[in-house]
Amino acid sequence: MKRAISFAVLLIAASLKISAQEVVQNNVKPIENALNQVTKLQPVSFSYDKAWAEKLKLSAKPQYGFVGADAKTAFPEIVSVQAKSYMSGKNAFKNATITKVDYESLVPLLVASIKEQQEQIEQLRAEVNSLKSRNTK
């Protein structure tokens, strides 16, 4: 009897189809002029101040990224300011702000800028080939 029930449960479970609902993306359009925006970014290395890193539980190790104000000029939609609380005495807290760049959102912008560069390279390559063929005649 147990075997029959187990088989029936297995059969029912196998016959159920679990489907995922796909989330629709609206307003899909290509990213344009990414190269111009990306060149405004200045990659830097930095470390958080040791005392602040300790207070805010941030890594004191060297970091790589962008100066928040520069990134905000180029891509304001990927920069946010976060408030972090820290203890400032017994039962007392204060807030400090940290500018954060959403690096995951930066990836499509970088890919778009690479594609723009590749188009420029192909155009220059065609122009060089054209000039070479003129000079060899």
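Computed from a predicted structure; not experimentally measured. (Residues numbered from 1 in each chain as written. Predicted model: local features only at pLDDT ≥ 70, side-chain atom pairs only at ≥ 80, totals over all residues. Heavy atoms only, no water.)

Engineer: How would you explain the pairing of strand β4 (residues 92–101) if you had to name every residue and give the values?
Structural biologist: One ladder, built from 10 bridges, connects strand β3 (residues 79–89) with β4; its direction is antiparallel. Looking at the pairing, Tyr-86 lines up with Lys-94 of β4. Hairpin geometry of β3 and β4 is characterised by an intervening segment of 2 residues between the two adjacent antiparallel strands and by a positive phi of about 60° at Asn-91. (Pairing = 2+ DSSP bridges. Helix = DSSP H or I, 4+ residues; strand = E, 2+ residues; numbered from the N terminus.)

Engineer: Tell me about the nonpolar core, and please be specific about residues and values.
Structural biologist: Of all hydrophobic cores here, the largest spans 11 residues; its members are Val-38, Leu-41, Phe-66, Ala-71, Ala-74, Phe-75, Ile-78, Val-79, Val-101, Leu-106 and Leu-109. Contact partners of Phe-66, with chain neighbours within four places excluded, come to Leu-41, Gln-42, Pro-43, Val-44, Ala-71, Tyr-103 and Leu-106. Counting 6 residues, the second-largest nonpolar core is a separate cluster that includes Ala-53, Leu-56, Ala-96 and Ile-98. (Core = buried A, V, L, I, M, F, W, Y, C linked by side-chain atoms within 4.5 Å. Buried < 20%, exposed > 50% of the residue type's maximum accessible area, 1.4 Å probe, protein only. Contact = heavy atoms within 4.5 Å.)

Engineer: Give a description of helix α5 (residues 103–135) that names residues and reports values.
Structural biologist: Helix length check: α5, at 33 residues, gives a terminal C-alpha distance of 47 Å against a target of 48 Å (1.5 Å per residue), a fit within 8%. Those residues of α5 lying buried are Leu-106, Leu-109, Ala-112, Ser-113 and Glu-116. Of the surrounding secondary structure, the elements contacted by the buried residues of α5 are α2 (34–38) and β2 (63–66). (Expected span 1.5 Å × (residues − 1).)

Engineer: For the pattern of salt bridges, give the residues involved together with the corresponding values.
Structural biologist: Between side chains of opposite charge, pairing is possible as soon as their charged atoms come close. A full pass over the atoms with the stated rule returns 1 salt bridge. Among the salt bridges present, the one from Arg-125 reaches Glu-122, with a minimum N-O distance of 3.1 Å. Placement of both Arg-125 and Glu-122 in helix α5 is noted, with a separation of 3 residues, approximately one turn of the helix. On the basis of relative accessible area, Arg-125 is assigned to the partly exposed category, the value being 45%. (Salt bridge = Lys/Arg side-chain N within 4 Å of Asp/Glu carboxyl O.)

Engineer: I'd like a rundown of the UniProt feature "coiled-coil region" (unreviewed entry) in the chain, residues and numbers included.
Structural biologist: According to UniProt, the positions carrying the feature "coiled-coil region" (unreviewed entry) are residues 107–134. For the annotated span residues 107–134, helix accounts for 100% and strand for 0% of the residues, and the straight-line distance between the end C-alpha atoms is 41 Å. (UniProt positions renumbered as here; feature names shortened; annotations may be inferred.)

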